[in-house]
Amino acid sequence: MKPVAIVVFALLWAPLRVAAQEAKPLPVPDERYKADILLVVAHPDDEGAATPYLARALDEGKRVAVAFGTRGSSGANEAGTEQAAALGAIREIEARRALATLGIHNVWFLGGKDTASQNVLQSLANWDHGVAQAQLVRLVRLTRPDVMLTFLPGTFIGEDHGDHQAAGVLATEAFDLAGDPATFAEQVAAPVRRLEPFLENLRPWQAKKIYYFPDASNDEMFRGKGPEYSVKDISKSAKHAYWRVAMDSFRMHQTQAKGYLDSLSKLSDAELEKKAISDGWGDRQRFVLGKSLVGGSVTGDIFENVKPGAIAFVRPSAPAAPEPPEVAVALAGPWSFYDEFRRAHGLTLWHPEPPEIALQGGTSLVIPLWLRNETSAARDITVTADLPAGWKLSGGAGKFVVAAKQMAAMRVEIDLPALDEGAHGKQELHEVTVRGESNGQSVGVVKLRVELRKRALPE
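Every value quoted in this text rests on a predicted model; they were computed, and no experiment measured them.

A.B. asks: So what exactly am I meant to see when it comes to helix α9 (residues 254-265) here?
C.D. replies: The periodicity of an α-helix, 3.6 residues per turn, causes residues three or four positions apart to be oriented the same way. Helix length check: α9 (12 residues) gives 13 Å between terminal C-alpha atoms against 16 Å at 1.5 Å per residue, more than 12% under. Listed as buried for α9 are Thr255, Ala257, Leu261 and Leu264. Taken end-on, α9 shows its buried residues confined to a sector of 130 degrees, consistent with a single buried face. Taken together, the buried residues of α9 touch α3 (84-100), α8 (242-250) and α10 (269-278).

A.B. asks: How should the environment of Phe151 be read in this particular structure?
C.D. replies: Position of Phe151 among the secondary structure elements: in strand β4 (residues 147-151). Ignoring sequence-local partners within four residues, the contact set of Phe151 consists of Val40, Val41, Ala42, Asp46, His164, Ala167, Gly168, Tyr212, Phe213 and Asp215.

A.B. asks: Help me understand the environment of Glu186 in this model?
C.D. replies: Within the secondary structure, Glu186 sits in helix α7 (residues 185-188). Taking relative accessible area as the criterion, Glu186 reaches 37% and is therefore assigned partly exposed. For the pair Glu186 and Glu78, spaced 108 residues apart in sequence, the C-alpha to C-alpha distance is 43 Å. The contacts of Glu186, once residues within four sequence positions are left out, are Phe198, Leu199 and Glu200.

A.B. asks: It is not clear to me how the environment of Tyr212 should be interpreted in this structure. Could you clarify?
C.D. replies: Along the chain, Tyr212 turns up in strand β5 (residues 209-213). Once the C-alpha coordinates of Tyr212 and Thr172 are considered, the two residues, 40 residues apart in sequence, prove to be 9.7 Å apart. Tyr212 has contacts with Thr150, Phe151, Leu152, Pro153, Gly168, Thr172, Arg286, Phe287, Val288, Gly290, Leu347 and Leu349, leaving out every residue within four places of it along the chain. There is a polar contact of 2.7 Å between the side chain of Tyr212 and the side chain of Thr172.

A.B. asks: Would you mind showing me how to read the sheet that holds strand β3 (residues 106-112) here?
C.D. replies: Strand-to-strand pairing in sheets goes through backbone hydrogen bonds, with the strands running parallel or antiparallel. Strand order in the open sheet formed by 6 strands is β3-β2-β1-β4-β5-β8, and the pairing between neighbours is mixed. In this open sheet, the two edge strands, each paired with only one partner strand, are β3 and β8 (288-292). Each neighbouring strand pair of the sheet contributes to a mean axis angle of 20 degrees, computed without reference to strand direction. Here 4 bridges tie β5 to β8, and the two strands are oriented antiparallel to one another. Directly across from Ile210, in β8, lies its bridge partner Lys291. Against the sheet, helix α2 (residues 51-59) touches β1 (37-41), β2 (64-70) and β4, its axis set at about 165 degrees to β1. Each of β1, β2, β3, β4, β5 and β8 touches helix α6 (residues 162-177); the most contacted strand, β4, lies at about 155 degrees to it.

A.B. asks: Can you walk me through the nonpolar core in this structure?
C.D. replies: Residues Tyr53, Leu54, Leu136, Met148, Leu149 and Ile302 are the most contacted members of the largest nonpolar core, which totals 67 residues. Top element by residues in this core is α6. It accounts for 7 residues. With residues near it in sequence (within four places) discarded, Leu149 still touches Ile37, Leu38, Leu39, Val40, Tyr53, Leu54, Tyr211, Phe213, Phe287 and Ile302. With 26 residues, the next largest nonpolar core counts Trp335, Leu365, Trp391 and Ile414 among its residues.

Calculation criteria
Residues numbered from 1 in each chain as written. Predicted model: local features only at pLDDT ≥ 70, side-chain atom pairs only at ≥ 80, totals over all residues. Heavy atoms only, no water. Helix = DSSP H or I, 4+ residues; strand = E, 2+ residues; numbered from the N terminus. Expected span 1.5 Å × (residues − 1). Buried < 20%, exposed > 50% of the residue type's maximum accessible area, 1.4 Å probe, protein only. Arc of directions from axis to C-beta. Contact = heavy atoms within 4.5 Å. Polar contact = N/O pair within 3.5 Å; in protein donor to acceptor, adjacent residues only side chain to side chain. Pairing = 2+ DSSP bridges. Axes fitted to C-alpha atoms, helices over the stretch in contact; angles between N-to-C directions. Core = buried A, V, L, I, M, F, W, Y, C linked by side-chain atoms within 4.5 Å.

Written out as structure tokens, the structure reads:
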């Protein structure tokens with residue numbers, strides 16, 4: 001064969017030789033960080049709201065990841081002198097150690113700041129809402145959970161910490177956003193260079209279910225709203241009841257409860273069980289179903305109908321908002337936010353009506369209001385308040401001019417009486433009523449139920 005013919009023959013067969021080569025697999029997401037459950041809470045030690053169930057899930061072979069909103073840098077330190085950012089650094093280690101006792105090592109912190117109030121809007125602002133939201137969406141796409149667990153977003157009589165509520169709000173938003181490729185699109189964009197400093201090459205991910213746990217004093221109101229689990233069952237791995245597994249995990253949080261934990265260490269097993277049950281460690285664990293995109297019953301197991309693999313993104317369906325009156329006085333603040341939040345995310349979560357809050361006696365109650373005038377002329381609106389005996393109106397009542405097409409914010413301020421020194425236990429609920437009138441007609445009635453306490457977070 002002539003040399004030219006040999007070259008031509010080789011060129012003709014070159015594609016066949018390439019085609020015969022073994023196909024090269026492309027990289028896939030890192031399975032070390034795949035989770036079946038992603039727990040989203042606010043502060044170190046908040047994971048204790050779910051640790052008995054997490055221990056049960058781990059016994060069943062589930063993989064768990066945890067995201068904290070803050071490092072818990074506020075508050076007292078029972079174990080040392082460190083405060084502020086230094087205390088937060090210690091509490092991050094304590095949280096990691098607490099979860100490591102359960103076998104959970106994939107733990108992240110969003111970097112929010114502690115907020116000492118019951119107002120979720122203050123917490124979201126203090127956490128830099130948009131930044132925290134992007135971080136949590138990233139973690140959902142990284143961990144690809146089937147189920148998300150978090151605090152119930154709402155206002156209830158209880159500790160009702162605004163940071164707890166913020167964790168529930170962000171988790172709900174991430175549940176509804178992480179599967180959308182148009183949301184934080186830089187996270188799902190493929191790199192354009194070998195060492196890409198901006199584009200993350202994550203995949204959109206739609207979690208299948210989201211469940212909540214309440215931050216309310218009385219969780220009986222949530223009975224039948226989701227599954228319940230006994231904490232007295234024996235863990236297959238730890239050989240202890242799940243309440244004991246949770247308590248042993250909590251022992252890592254020395255800065256938060258060293259005195260209490262030291263007292264527990266002096267008890268026999270029988271005394272410890274008696275003490276733990278009286279302190280609430282033995283209560284059944286109750287969850288509230290937020291959403292299931294895979295069907296199943298409300299009170300069925302958390303993993304009912306959950307199968308491995310991805311599901312399609314489901315955009316939340318928001319019903320139309322009711323048409324407001326042209327002239328109106330309405331409750332504002334966290335309460336109106338949650339009305340909009342539940343509608344925007346298609347949630348049918350139970351919430352108290354009238355709204356409620358627990359406040360410390362001797363402080364103040366602020367009732368935020370919207371004054372709305374959608375007419376083409378200015379309107380006078382008179383605001384009055386009906387108060388329980390001994391409560392004092394300190395500001396906000398009177399007559400106001402609301403311009404045409406204006407929606408104005410205002411607030412009614414009330415001084416609360418101090419509780420008697422002998423007052424103990426649960427106090428009766430007091431009802432406050434704010435009324436709006438215009439041209440002799442009622443344009444709104446706002447009711448709020450208030451429980452006075454010896455101690456409570458600021459409003």
